[in-house]
Amino acid sequence: MHFTMNLNNDIVLAAIERRFPGAILAHSTPYGMLTLETTRENILEMMRFVKEDPELQAGFLTTLCAIQYPNNPGREMGMIYHLHSLVHNFRFRIKVFFPIADPTIASMTALWPAANWMERQEYDFFGVQFIGHPDLRRILNVDDLDVFPMRKEYRMEDGTRTDKDDRFFGRDGHEGREFD
Amino acid sequence: MQVQSYFSSLDNLDGELSTLNLGPTHPATHGIFQNVLKMDGERIVSAEPTIGYIHRAFEKIAERRPYNQITPLTDRMNYCSSPINNMGWHMTVEKLIQCELPKRAEYMRVIIMELARVSDHLVCNSVIGVDTGALTGFTYMFQERERIYEMFEEVCGSRLTTNIGRIGGMERDFTPRFHKLFRDFMATFPARFEEFNNLLERNRIFMDRTIGAGPISAERALAYGFTGPNLRAAGVDYDVRVMTPYSAYNDFEFDIPVGKDGDTYDRFMVRQEEIRQSLRIITQAYNNLPEGPYHADVPDFYLPEKPDVYTKMEALIYHFKVVMQETPIPVGEVYHCVEAGNGELGFYLISDGGRTPYRLHFRRPCFIYYQAYPEMVRGSMLSDAILTMSSMNVIAGELDA
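Residue numbers here run from 1 along each chain, matching the order of that chain's written sequence. Here the convention is simple: chains get letters from A, ligands get numbers from 1, in the order in which they are written. Totals for whole chains, interfaces and linings use all residues, but because this is a predicted model, local features are given only for residues with pLDDT of at least 70 and pairs of side-chain atoms are given and counted only at 80 or more.

(A) Structural detail: the overall build of chain B. The numbering of helices and of strands both runs from the N terminus, where a helix is a DSSP run of H or I of at least 4 residues and a strand a run of E of at least 2. Looking only at helices and strands, chain B features 17 helices and six strands. Our radius of gyration is a C-alpha quantity, and the globule rule it is checked against amounts to 2.2 Å times the number of residues to the power 0.38. For 401 residues, the compact-globule estimate of 2.2 N^0.38 gives 21 Å, and the C-alpha radius of gyration of chain B, at 22 Å, lies within 12% of that figure. Judged by the C-alpha coordinates and their principal axes, chain B covers about 80 × 45 × 35 Å. Here chain B, with 401 residues, has 53% of them falling under the buried criterion. What counts as a contact here is a pair of residues whose C-beta atoms, placed from the backbone, lie within 7 Å. Contacts in chain B between residues at least 24 apart in sequence constitute 70% of all its contacts with a sequence separation of at least 6. With C-beta atoms placed from the backbone, the exposure class of a residue follows from how many other C-beta atoms lie within 10 Å of its own: 20 or more, buried; 12 or fewer, exposed; in between, partly exposed.

(B) Representation of the overall build of chain A in the model. Per the secondary structure count, chain A includes four helices and seven strands. Along the chain direction, N to C, the helices and strands of chain A fall in the order α-β-β-α-β-β-β-β-α-β-α. The dimensions of chain A, computed from C-alpha atoms along their principal axes, are 60 × 35 × 25 Å. Expressed as a percentage of its 180 residues, the buried residues of chain A come to 36%. For chain A, restricting intrachain contacts to residue pairs at least 6 apart in sequence, the fraction spanning at least 24 positions comes to 46%.

(C) Quick peek at the sheet that holds strand β2 (residues 34–38) of chain A. Residue and element names in this part refer to chain A. The pairing criterion for strands is at least two bridges between them, as found by DSSP. Spatially, β1-β2-β5-β4-β3 is the arrangement adopted by the five strands of the open sheet, whose pairing is mixed. A single partner strand is all that each edge strand has here, and the edge strands are β1 (26–28) and β3 (60–68). Adjacent strand axes in the sheet meet at a mean angle of 20°, parallel and antiparallel pairs treated alike. As paired elements, strand β4 (residues 77–85) and strand β5 (residues 90–98) share nine bridges and run antiparallel to each other. The residue of β5 that forms the bridge with Met 77 is Phe 98. The axes used here are C-alpha line fits, helices contributing only the stretch in contact, and every angle between their N-to-C directions lies in the interval 0 to 180 degrees.

(D) Layout of the sheet that holds strand β3 (residues 43–50) of chain B. All names here are of chain B. Read across the sheet, three strands follow the order β1-β2-β3 without closing on themselves; strand pairing throughout is antiparallel. Each of the sheet's edge strands pairs with one partner strand only, and the pair in question is β1 (18–22) and β3. If you compare each strand with its neighbour and ignore which way they point, the axes differ by 20° on average. Relative to β3, strand β2 (residues 34–40) runs antiparallel, the two sharing seven bridges. The residue of β3 that forms the bridge with Lys 38 is Ser 46.

(E) Representation of the pairing of β2(A) in the model. Residues and elements named next belong to chain A. Only one face of β2 is covered, namely the one carrying Leu 34, Leu 36 and Thr 38; the face carrying Thr 35 and Glu 37 has none of its residues buried. Here β1 folds back onto β2, and the loop between the two strands holds five residues, one of which, Tyr 31, carries a positive phi near 50°. Bridging between β2 and β5 involves five bridges; their strand directions are parallel. Pairing of Glu 37 across the sheet is with Lys 95, part of β5.

(F) A look at the domain arrangement of chain B. All names here are of chain B. Reported domain spans reflect what an automatic or database domain assignment gives. Considered domain by domain, chain B is made up of domain 1 (4–50) and domain 2 (67–400). Relative placement of domain 1 and domain 2: their C-alpha centres are 32 Å apart. On the domain 2 side, the residues contacting the 15 residues of domain 1 number 18 residues. For this classification, the nonpolar set comprises Ala, Val, Leu, Ile, Met, Phe, Trp, Tyr, Cys and Pro, the charged set comprises Asp, Glu, Lys and Arg, and every other residue, Gly included, is treated as polar. For the side of domain 1 that touches domain 2, a count of residues per class yields eight nonpolar, five polar and two charged.

(G) View of the pairing of strand β4 (residues 331–340) of chain B. Residues and elements named next belong to chain B. Across the 10 residues that make up β4, a large majority, eight, are buried. Where β4 lies against strand β5 (residues 343–352), 10 bridges are found, and the strand directions are antiparallel. The partner of Tyr 335 across the bridge, within β5, is Tyr 348. Where β4 folds back on β5, the antiparallel hairpin that results is connected by two residues.

(H) Examining the interface of chain A and chain B more closely. Counting from both sides, the interface comprises 28 residues of chain A and, opposite them, 33 residues of chain B. Listing elements by their share of the side of chain A that touches chain B, those giving two or more residues are β3 and α3 (115–126) of chain A. The element best represented in the side of chain A that touches chain B is β3(A), accounting for six residues. When its residues are assigned to classes, the side of chain A that touches chain B shows 19 nonpolar, eight polar and one charged.

Rendered as structure tokens:
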């Protein structure tokens, strides 16, 4: 085992940029963690690259999760991947956004068997369709559930309650309420 | 290795496979999960796990709970070591609001978290003993776990689902009774633990039952996202306390035990050694416990002293604001992870400035590594599969969230 160099945000960003010119739509470092945004077309190859590249060796898939922003037209759904290079002890995350009308994205099961249940869970919660997943079934909820319960349109409380809408949680209230 | 190649030749199959339904409420699985096994005699051909029997939608509920009300949700994930979950969550919020804790609070947290790790490992390892037919060690070690729970009771009032500590530090200082219980425990536990250890570690029956049962290679373990003692048993020395130190773990000296074969015996041995290392950390933290406040000065999140609420206007205002969630929350996203009893427990928190998380995702270690179970038990005997499961430390509450 050889420790070539310690990675930092700039090195990782430059390495990915070099391999995928123009594929990084945005980048930032919230609370110090490098966060990239890319597209559905690039995500699988980018993940393969960071996993197998001898410099980065980001071979550990820490976790993945879906997220929904109902007010971002064409980018309502998102997937967020947390990666960890154990050799360099460097963590970063990659995000992809896509329309909720076509919630499809490549499965990471070809790269990590660990992605199998993680993706089944996000399918179960948000209805993200993972292309290439060997067994995309619900995992935590019952098989015949006909909704994707983590989507924002499904409120936690009884819909007739008026004391529990978003205004009471410090938000302006239009989010979620449009589905009432 | 011989086990893995059992089905490489079809000659071993006599053509009559049976289906065995193990669970959902099987006493040997120590939790509610089902495995539908295809059996060739007593050998497992394939396993199909079903999980989710105690799914409570914590990620959804968390989107409608203010930050301090999410702590009790985290209790109910890995309920064998709830304090680690609680404090992992507190630290996540503290990272978001950029709150520094006084040293005393950090040391107190380390003591509590390591006690929780000891009790978590005690449950797991003594249950491995039970599943090999050795019940006695389990009855001894549960008395020790009881003493740890009594300490938790002193610090937070509850035992299993602890809701221990607060955002910004600890809820109360260690009480005189805690100190007494703690000193008693530290004086007598190590010898009793070694007694338990001696019952199993070199016990021929135990070794025969566990060595080679449910092995996994380091490479496969990493591919499956293993963390914690299960990964270390396979020979990878990844421990969050060392790689990404949180609280005051930088201040203490301890070793990371690793195994070699990733089998049930190695998992058992790694946990046994981790208990000793935890005791080392606890001793260092307790002997060097700094004086000073046991919580940070974050009135926006930390409830004021109750008597002050009745006598001081400022305390009353902050009390009201904390209870009514009138607290400004920064916009941002943080990932924070802690070394829980069974691996890297991560909290990915996205705040849009609302009083509740916009999205909170839990990286639950046993949810991720339990999916390797069918691969680990393929070709083994049913009784080995039971042992493999108990040695993986799969906690149903965390598995199903």
